[in-house]
Each structure stands twice: as C-alpha cells, then as structure tokens.
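# Report on the structure
Here are the chains, one letter per residue:
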Amino acid sequence: MIKFNRNIIIIMSAVFIFLAIICIIALRGKLSVNDSLLSDTEPLYMIYSEDTYNLSSVSVEYSNVTITAYNNGNSEWSIDAVNDDIDKSKAYTLASTVSTIISKNKIEENPKDLSKYGLDTPSVTVIITENNGTQKKLYIGNKSSETDEYYMMLDGDNSVYTLYNYKYETLTQPLSYYSDFNRFKIEVDDITEINIEHSGECINLRAAKTSPQIADKEWEITEPYKNRANSEYIELNILSSLKELNLNEPVLQEGDYGFDAPVAKVTLTVRPYNNTTGKYGNEYKEILVIGKVSGETAYVRYKDKVYQVENDQVAFAEVSAFDILNKLQALTDISLLKSITLISDNRNDKIEITDSGEDMSFRLNGKEADYILTKNMYQSMVSLAVDDIYHGESLGDAILCFEFEGIKKSDNVKIEFREINDSSCALLRNGQAEFTIQKYKLDNFNEAWSGYIEAAAGKEGTNE
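Heads up: these notes are all about the structure in this document. (Residues numbered from 1 in each chain as written. Predicted model: local features only at pLDDT ≥ 70, side-chain atom pairs only at ≥ 80, totals over all residues. Heavy atoms only, no water.)

### Focus: the overall build of the protein
A count of helices and strands for the protein gives eight helices and 29 strands. Taking all 464 residues of the protein together, the buried fraction comes to 38%. Considering only residue pairs separated by 6 or more positions, the protein has 58% of its internal contacts joining residues 24 or more positions apart. As displayed, the protein offers around 26,500 Å² of accessible surface, 48% of which is attributable to carbon and sulfur atoms. (Helix = DSSP H or I, 4+ residues; strand = E, 2+ residues; numbered from the N terminus. Buried < 20%, exposed > 50% of the residue type's maximum accessible area, 1.4 Å probe, protein only. Contact = heavy atoms within 4.5 Å. Areas by Shrake-Rupley, 256 points an atom, 1.4 Å probe, with all protein chains shown as cover.)

Written out as structure tokens, the structure is:
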C-alpha cells in the first residue's frame, strides 16, 4: 500500500514539473512576442486635425494646376465651384484627406537645407482654409528612398515628416478624375413606374406593390393594355440592365448620334426611400433616350449629355409588350377562391375549396377529392400560357370555360377559350379578349382533366 502511494506521488510530481515547464515556455514565448511588438511600434505624429465641416475649402497646387474643393454644407463638397458634373464623394474625400494629417516618421527638426527634401520648391502645395478664415499650408516635396513616402512640412511646424502614399495619390489626382463617375445613379428598388416608347408602341409598367418591406415587386402593364406583367422578366431584363447602366464619360465630340429619330425613349418614375428615416422622398422622373445603335455600341442621351454604352445595356428598351406580359392569364390565387367550375361541351365539373388556414381540402362534384391530384390539376389549369396577342379575329363558340368563384365577389374570374380557327383560340378574361393560345394546349388539358376525374373518383376520402 505504501509502495503504491509512493508511485502515485512520483507520477504526480512528474506531471506537475512537466506542466510547469510548459507554462514557463509559453510565458517566455508570450513575452518575446510582446517585446517584439513593442520594439516595432513607432510613434505617430499629429500634424493637423480639423473636422471637415469646419473647413471652407481645400486647394491643391501642383504641375501648374490648381484644384479647389469647396464646402457647400451638409457634408457636400464641389470642385472648382462646379456642382453638377463632378463626383461629390470624391470632392469630399479630397477634403477629408487633409482634415487629419498623421505621420509615422519625423525626419528632421529645424532643417537647415530644405533642398534635400525637395521642400525648397515643393512639388505640391495644399492650402487649407477654415471657416474662420485661418489658412494652413502643407508643402510636399520629394519621395524618400528610405521610407518610400513623400517629405512634407506644415506651415508653422518647422519639422520635416513623411506623408502616406495614399494621401499623396489622392491629392494629386487630375481634374478629369473628379468628372469620371457614373452619372446614372438610381436605386432600382425605388423605381415605381417604367414607360418605354419605341417603334410606335408605348409600354407602361407600374409596380403594383411598392412597400420597402416587399423584397420582390409585383408589376402590372397599364399600356397598351391593362394586365399582369411578368415580374421576374422585368427584374432580370429591365431592372438589372438599369442597375448595370454606366453613363461614365460624356461624348464631347459633336456628331449625329441618332437622336432626331431615336430608337427608344425610357421614362422612369422614382420614389426614393430613406432606410434610415423610413420615409419616402419626393417623386421625380428620369429620362433616357436611345439614339443610334451600331453593332455592340449604342448612344444614350441623359440630362442633355450623350454617352456611349454597350448595346446590351439598353437592349431592354426594344422589348415588346408581349415579352413583358405574364403569359399565365388563367392564373388565380387559390387561397382567394371557394370553388372552381370547369365547363366544356360534354361536362360541367365543380371543385369546392375549404381552407381552414392550416389545411386545405377539396370536394369534386359533391364528393371528397384527393388533395394531391386536385392541387396538381389546379396547377395545370392556371399554367395554360398564352402564345400571342389577339388581333380582333372573328370568334366562334367557347370550347372551354373556367369559372373561379372568389370568397369575395370582387375575386370572381371567368376564363373562356373561344375558337378562332382549327389551331388557335382566344382567351377571354372576364369577357375581354386580348390574347390567343394554341388549341393543342387545350386538347392536352381536357385529356388530363378526364384522367383526373377518373383518378379522383377512385381515391375518394384520401384527402391530406
């Protein structure tokens, strides 16, 4: 027993010593890392600091060029008093670049020879004017071969420092840099109406639901006819193109760009939504005119300036109303219905719908109907896609009719298919004929319906 206890004590002592060694090594490693960090840490020198809203202007002089950014208030800055054709965010960046100037290298105090730093004749002079009229001058000289940064001095501080390269690059951008930006800045989610005019056709699209809480808008056509639009098509082909449209650099050379007889005109109604305040701004319109299209290039006029863009960026403007149309003209929300009646030459069948909120059940011609079979048949019914526009052809008798009875009377819908010829029928929605459908689709549907009647009768009482 005593021998056993001694063995345990020896083992525990060995473990304790082993853990102690590990802790010492780890601690030494930690200390060495911290020592290294401390030795690598360099002091930072604050050269100048002022909030941008306390600055009235920032002027940069270099290469016989002077660029001045002006504070217009509300954090909005302009370049050389030009507001409309410069990127205001870049103008603000110019001001913020010098509002705080920090250096990690103090090269020399009270330098006797400024020429070795290129500060006797600075390559860049920055004049910072504060709102109270105080001016500060920052001088930038040569690039240091040791730090790979530029030497600088602030008027009133008789010391030479180095300036971060990214600040130097920002300060020495040419005037063209500030006019190089996308002039067409619209949040496509804020577009509530799209009007497209081309080839004598006018297409007007309106967002049926514009709440910011709705991720995907539902769109409707109001011209040349009032109907539901294919919202997915609009999202993928129109809105995505507008989102990618880049009107970056105006065409300066005068010429014939086809605006005397434009290909298309696009008018957008925009209702900006502020995510911060949760409120809408004032509604406004933006107009794009598509001029000459040549190969992969198109010309666009926007706010009295002409831009050259890739043709596929504005190809949506030549879309036809039928392309945008929701082809599922029989589509009706089943949750709004209490019955569906199918009428044809040789049958009159009625599906009654009961929706408890959690479960949905069906009765076919007064008897319980199979849930899955009935739901699939409903999908086949509302998936009958139209093929073309109705052009006023003479109509024969109705060969098929769907009567959707809504829970509310306003949700009642009647879909009729009336014969035009041996191969096509007109689809009438609530008595209005606007589209046609190939007759073979109706023949296939009737055949599927007959199969459903037989199958549903054989599965009575198997509701899910």
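### What to know about unusual backbone geometry
Of the consecutive residues Glu-223 and Pro-224, the connecting peptide bond is found in the cis state with omega at 5°. Along the chain, the position of Pro-224 falls in the loop between strand E13 (219-223) and strand E14 (227-228). Look at Ser-75: it is not a glycine, yet its phi comes out positive at around 60°. Counting through the fold element by element, Ser-75 comes out in the loop between strand E3 (65-73) and strand E4 (76-79). On the basis of relative accessible area, Ser-75 is assigned to the exposed category, the value being 55%. The backbone phi angle of Ser-199 is positive, close to 50°, even though this residue is not glycine. Here Ser-199 is to be found in the loop between strand E11 (191-198) and strand E12 (201-207).

### Regarding the sheet that holds strand E8 (residues 135-143)
The antiparallel open sheet is built from eight strands, whose spatial order is E4-E3-E2-E7-E8-E9-E10-E6. Looking at strand neighbours, the two that pair on one side only are E4 and strand E6 (106-109), the edges of this open sheet. Direction aside, neighbouring strands of the sheet carry axes that sit 20° apart on average. Running over the sheet, helix H2 (residues 88-99) touches strand E2 (55-62), E3, E4 and strand E7 (124-130) and is turned about 100° from E4. (Pairing = 2+ DSSP bridges. Axes fitted to C-alpha atoms, helices over the stretch in contact; angles between N-to-C directions.)

### Here we look at the pairing of strand E20 (residues 305-310)
Of the pairings in the sheet, the one linking strand E19 (residues 297-302) to E20 comprises six bridges and is antiparallel in character. Bridge assignment links Thr-297 to a residue of E20, and that residue is Glu-310. Once E19 ends, the chain turns through two residues before running back antiparallel as E20, passing Lys-303 with a positive phi of about 50°.

### Focus on the pairing of strand E5 (residues 100-103)
As a general feature of sheets, a regular strand has side chains that alternate between the two faces. Burial along E5 is one-sided: the residues Ile-101 and Ser-103 are buried and none of Thr-100 and Ile-102 is. Bridging between strand E1 (residues 45-49) and E5 involves four bridges; their strand directions are antiparallel. Across the sheet, Tyr-45 pairs through a bridge with Ser-103, a residue of E5.

### Some words on the pattern of salt bridges
If you walk through the whole model with that rule in mind, you get eleven salt bridges. Among the salt bridges present, the one from Lys-88 reaches Glu-76, with a minimum N-O distance of 3.6 Å. One end of the pair, Lys-88, is in helix H2; the other, Glu-76, is in strand E4, and twelve residues separate them in sequence. Lys-88 gets classed as partly exposed once you look at its relative accessible area, which sits at 31%. (Salt bridge = Lys/Arg side-chain N within 4 Å of Asp/Glu carboxyl O.)

### Regarding the side chain of Thr-125
Looking at the element boundaries, Thr-125 is found in strand E7. Judged by its relative accessible area of 14%, Thr-125 falls in the buried class. Once you skip the residues sitting within four places of it in the chain, Thr-125 turns out to touch Ser-59, Val-60, Glu-61, Leu-138 and Tyr-139.

### Thoughts on the sheet that holds strand E28 (residues 424-429)
A sheet is described by the order of its strands in space; here nine strands give the open sequence E24-E23-E22-E21-E26-E27-E28-E29-E25, paired in antiparallel fashion. In this open sheet, the two strands that pair with only one neighbour each are strand E24 (367-369) and strand E25 (388-389). Two strands pair when backbone bridges link them, and strand E26 (residues 398-406) and strand E27 (residues 413-419) are joined in this way by six bridges, in the antiparallel orientation. Along E27, the bridge assignment pairs Phe-404 with Val-413. Strands strand E21 (337-344), strand E22 (347-355), strand E23 (360-364), E24 and E26 of the sheet are contacted by helix H7 (residues 371-382), whose axis makes an angle of about 80° with E23.

### Let's talk about H7
A rise of 1.5 Å per residue sets the reference length of H7, with its twelve residues, at 16 Å; its end C-alpha atoms lie 17 Å apart and thus fit the reference within 8%. For H7, the complete set of buried residues consists of Thr-374, Met-377, Tyr-378, Met-381 and Val-382. Along H7, the residues classed as buried sweep out an arc of 125° about the axis, all on the same side. Where H7 starts, the residue carrying a side-chain oxygen 3.2 Å from the main-chain nitrogen of Ile-372 turns out to be Asp-370. (Expected span 1.5 Å × (residues − 1). Arc of directions from axis to C-beta. Polar contact = N/O pair within 3.5 Å; in protein donor to acceptor, adjacent residues only side chain to side chain.)

### Quick look at the environment of Ser-89
Mapped onto the elements of the fold, Ser-89 is located in helix H2. Sequence spacing of Ser-89 and Ser-75 is 14 residues, and the spatial spacing of their C-alpha atoms is 9.3 Å.

### Here we look at the nonpolar core
The biggest cluster of nonpolar side chains holds 72 residues, and the ones touching the most others in it are Ile-191, Ile-194, Leu-242, Phe-402 and Phe-417. If sequence neighbours within four positions are ignored, Phe-402 has contacts with Thr-341, Leu-342, Met-381, Leu-384, Val-413, Lys-414, Ile-415, Phe-417 and Phe-445. Counting 29 residues, the second largest nonpolar core, distinct from the first, contains Tyr-48, Val-60, Tyr-62 and Met-152. (Core = buried A, V, L, I, M, F, W, Y, C linked by side-chain atoms within 4.5 Å.)

### A word on the packing of aromatic side chains
Applying the stated rule across the entire model yields 14 aromatic pairs. Taking 4.8 Å as the distance between ring centres and 65° as the angle between the ring planes, the aromatic pair formed by Tyr-117 and Tyr-151 counts as edge-to-face. Remark: Tyr-151 occurs in strand E9 (residues 150-154) and Tyr-117 occurs in the loop between E6 and E7; sequence separation between them is 34 residues. Tyr-151 shares its class with Tyr-117; the two are buried. Relative to Phe-417, the ring of Phe-402 lies with its centre 5.6 Å away and its plane at 75°, an arrangement referred to as edge-to-face. Taken together, the positions of Phe-402 in strand E26 and Phe-417 in strand E27 put the pair 15 residues apart, joining distant regions of the chain. Each residue in the set Phe-402, Phe-404, Phe-417, Phe-445, Trp-449 and Tyr-452 is aromatic and connected to the rest through ring pairs, giving one cluster. For the cation-ring pair, Lys-90 lies above Tyr-177, with the distance from its terminal atom to the ring centre recorded as 4.1 Å. One cation-aromatic arrangement involves Lys-327 over Phe-322; the distance from NZ or CZ to the ring centre is 4.7 Å. (Phe/Tyr/Trp six-rings, centres within 6.5 Å; stacked < 30°, edge-to-face > 60°. Lys NZ or Arg CZ within 6 Å of the ring centre and 35° of its normal.)

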